[in-house]
Structure formats: structure tokens, C-alpha cells
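Here are the chains, one letter per residue:
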Amino acid sequence: MAKRKVDQRTVRQSEANPMSALMKQFIKVNNLEKGFQKINVEEEWVKLMGPGVKSYTERISLKGGTLIVKISSAALRTELSYGKEKIQSMMNEALGENTITKVILN
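Residues numbered from 1 in each chain as written. Predicted model: local features only at pLDDT ≥ 70, side-chain atom pairs only at ≥ 80, totals over all residues. Heavy atoms only, no water.

### Remarks on the pairing of strand β2 (residues 66-71)
In the sheet, strand β1 (residues 57-63) pairs with β2 via six bridges, with the strands oriented antiparallel. Bridging across to β2, arginine 59 finds its partner in lysine 70. Counting the residues that bridge the hairpin from β1 to β2 gives two residues, and of these glycine 64 lies at a positive phi of roughly 65 degrees. (Pairing = 2+ DSSP bridges. Helix = DSSP H or I, 4+ residues; strand = E, 2+ residues; numbered from the N terminus.)

Structure, rendered in C-alpha cells:
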């Protein structure tokens, strides 16, 4: 019986996974989703709201589907409260999933 020669490049390409898929799998297997989600929420808040709002942001947390943001300026907190729904939709879009169901500004 003749042996069939296997092209190693073909084998490697078919077994290859993108690094992002491997990272997602690693995060899921090690139950690290909540920690990474918190980091992503904080990063996206700063990107979307800018350095001005960031300077008045004391704390950002995500509990369940609720985004809780502590703002040190009462005037800014009032201004942002008018756009809670917009903040929610922008954050969900930036995160790539509907993680946030409610926004609370303290």
C-alpha cells in the first residue's frame, strides 16, 4: 500500500485559529469574562465620553446589566442624565453586545 504524502502547510492552515478566537476561548474556559468585561466598559467609557468627562468620573462599575457611574460634578451628572438611553446604546455598540440594560449616574 502506497503512503500518501501530507502537505504540512495544509494541515497547519486547517488547524489554525485566529488569536482573538483563542483568547476568547481562554477567557471563557478560565471564567474571566466579568473581569475583562469591566475593563472593556471602563475603556469604552473614556473613549466615548472624552477626557473632560473622564476627569469627573470617579468610579465605573457594571453589575448585572446595570452600568453605574459615579460623577463628581452635579452639573455634569444632570447633563448626562438627559442622555442615558443614548449612553446605553453607544456603550452597547462599542462593546459589540447588549451588555448594558440600564445606566445609573451617581
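So much for the structure itself; the text now carries on.
### Concerning the sheet that holds β1
The strand order across the open sheet built from three strands is β1-β2-β3, with neighbouring strands paired in mixed fashion. Two strands close off the open sheet at either side, each with one partner strand: β1 and β3 (102-105). Going from strand to strand, the sheet's axes swing by 15 degrees on average, the running direction of each strand aside. (Axes fitted to C-alpha atoms, helices over the stretch in contact; angles between N-to-C directions.)

### Quick word on a nonpolar patch on the surface
A surface patch of nonpolar side chains, amounting to about 300 Å² of accessible area, comprises Met19, Leu22 and Met23. Turning to its location among the elements, methionine 19 is positioned in helix α2 (residues 19-29). (Patch = residues over 30% accessible without salt bridge, like charges linked within 9 Å, V, L, I, M, F, W, Y side chains within 5 Å. Areas by Shrake-Rupley, 256 points an atom, 1.4 Å probe, with all protein chains shown as cover. Salt bridge = Lys/Arg side-chain N within 4 Å of Asp/Glu carboxyl O.)

### Concerning the pattern of salt bridges
Using the criterion set out here, one finds one salt bridge in the structure. Its salt-bridge partner being lysine 47, residue glutamate 44 comes within 3.6 Å of it at the nearest N-O pair. Taken together, the residues glutamate 44 and lysine 47, both in helix α3 (residues 33-56) and three residues apart, mark about one turn of the helix.

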